[in-house]
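Each chain is listed here by its residues.
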Amino acid sequence: MTITKIERQKRHPDRVNLYLDGKFALGVHQEVIVKYGLRKGDKISKELIDKLVLHEEYALAKQKAIRLMNRRQRTEKEIRSKLIEKEFHPAIVDETIKHLKTIKLINDEAYARAYIHDVLLKRSLSRKYLKQQLQSKGVDKLIIEKVLDENFSPDQEIKIAREAAEKLLERYQSSLKKIEPEKQYRRIAQYLIRHGFSWTIILPILNKIFNNKAITHIEP
């Protein structure tokens, strides 16, 4: 077979149409043509066409992954799941992930650091909660522990819990609807529990903000 025409696509200028023996054969990314040094008049085998198709799938997978990364930072697991969802071949997915890690577009440690920083700016969360969220995104446990140890001290966790409790107490006490102290206590405790704080952190905070009053409570 002979390449009789290489035509740039109008709607997608980074892609070209390849014609063999006067007939359209396939559309491929420009980088595929460059990689194999193809020109009009070149002879091309069935084996080379198969390689073009494989490399084209790889180019499309990279393009898809980079578009996802441009929207927001993602973990290796998230990118892998998206590519598999799009039915790319597992070997192509592996190669794409390898490439993105090489050029530092995928970096789970950097992702974990940014995630912890951004989330704590908006929400009062515990170390346990952050750990669970990062694990659900596929970040390795050792990376999570390292990043948390470096960026989230026990004192900081207590401070976050205390500030959240004080803010809730202020809201309840300023509410037009009267809320009994015991109910305030329970609501604040439940809020902190839902956000992953341990009872060893919660109890001293509640005792302090309620001035060590004897209020009935139920430990989780």
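These numbers come from a predicted model, not from an experiment.

What counts and how
- Residues numbered from 1 in each chain as written.
- Predicted model: local features only at pLDDT ≥ 70, side-chain atom pairs only at ≥ 80, totals over all residues.
- Heavy atoms only, no water.
- Phe/Tyr/Trp six-rings, centres within 6.5 Å; stacked < 30°, edge-to-face > 60°.
- Buried < 20%, exposed > 50% of the residue type's maximum accessible area, 1.4 Å probe, protein only.
- Helix = DSSP H or I, 4+ residues; strand = E, 2+ residues; numbered from the N terminus.
- Lys NZ or Arg CZ within 6 Å of the ring centre and 35° of its normal.
- Patch = residues over 30% accessible without salt bridge, like charges linked within 9 Å, V, L, I, M, F, W, Y side chains within 5 Å.
- Areas by Shrake-Rupley, 256 points an atom, 1.4 Å probe, with all protein chains shown as cover.
- Salt bridge = Lys/Arg side-chain N within 4 Å of Asp/Glu carboxyl O.
- Lys, Arg positive; Asp, Glu negative; His and termini not counted.
- Charge placed at Lys NZ, Arg CZ, Asp CG, Glu CD.
- Core = buried A, V, L, I, M, F, W, Y, C linked by side-chain atoms within 4.5 Å.
- Contact = heavy atoms within 4.5 Å.
- Pairing = 2+ DSSP bridges.
- Axes fitted to C-alpha atoms, helices over the stretch in contact; angles between N-to-C directions.

Colleague: Hey, could you run me through the packing of aromatic side chains in this one?
Modeller: Ring pairs (aromatic) are described by centroid distance and by the angle formed between their planes. Evaluated as defined, the whole model comprises 3 aromatic pairs. With a centroid separation of 5.8 Å and 75 degrees between ring planes, the pair formed by Tyr19 and Phe24 is classed as edge-to-face. In this structure Phe24 comes out as partly exposed when scored by relative accessible area, which is 47%. Considering the side-chain rings of Tyr111 and Tyr115, the 6.1 Å spacing of their centres and the 15 degrees angle between planes classify their relative orientation as stacked. With Tyr111 and Tyr115 both in helix α5 (residues 108–122), this residue pair falls 4 residues apart, about one helical turn. Residue class for Tyr111 comes out buried when judged on its relative accessible area of 6%. Look at Tyr115 and you get buried, because its relative accessible area is 16%. The ring centre of Tyr19 lies 5.3 Å from the NZ or CZ of Lys5, which sits over that ring.

Colleague: What am I meant to see in a positive patch on the surface here?
Modeller: A contiguous patch of positive charge on the surface is contributed by Arg67, Arg71, Lys82 and Lys86. Relative to the helices and strands, Arg67 resides in helix α2 (residues 46–71).

Colleague: Teacher, can you tell me more about the nonpolar core here?
Modeller: Inside soluble globular proteins, nonpolar side chains tend to come together where they are buried. Formed by 35 residues in total, the largest nonpolar core has its most connected members in Leu130, Leu134, Ile188, Leu192 and Leu206. The set of elements that each furnish at least two residues to this core consists of α5, α6 (127–136), α7 (141–151), α8 (154–174), α9 (181–194) and α10 (199–209). With 7 residues, α8 is the single largest residue contributor to this core. Those residues within four positions of Leu206 in sequence are excluded, and the remaining contacts are Tyr185, Ile188, Ala189 and Trp199.

Colleague: How do you make sense of the environment of Leu120 when you look at a structure like this?
Modeller: The topology assignment puts Leu120 in helix α5. Taking C-alpha positions, Leu120 is 15 Å from Arg194, a pair spaced 74 residues apart along the chain.

Colleague: Would you take a moment to explain the sheet that holds strand β3 (residues 23–29) for this structure?
Modeller: In a beta sheet, neighbouring strands pair by backbone hydrogen bonds and run either parallel or antiparallel. Overall, antiparallel pairing links the 3 strands, which are arranged β1-β2-β3 in an open sheet. Every interior strand has two partners, whereas the edge strands, β1 (3–8) and β3, have only one. For this sheet, the mean angle separating the axes of adjacent strands, direction not counted, is 25 degrees. Looking at chain direction, β1 and strand β2 (residues 15–20) are connected through 5 bridges and run antiparallel. Within β2, the residue paired with Lys5 across the bridge is Tyr19. Its contacts with the sheet put α2 on β2 and β3, and the angle it makes with β3 is roughly 40 degrees.

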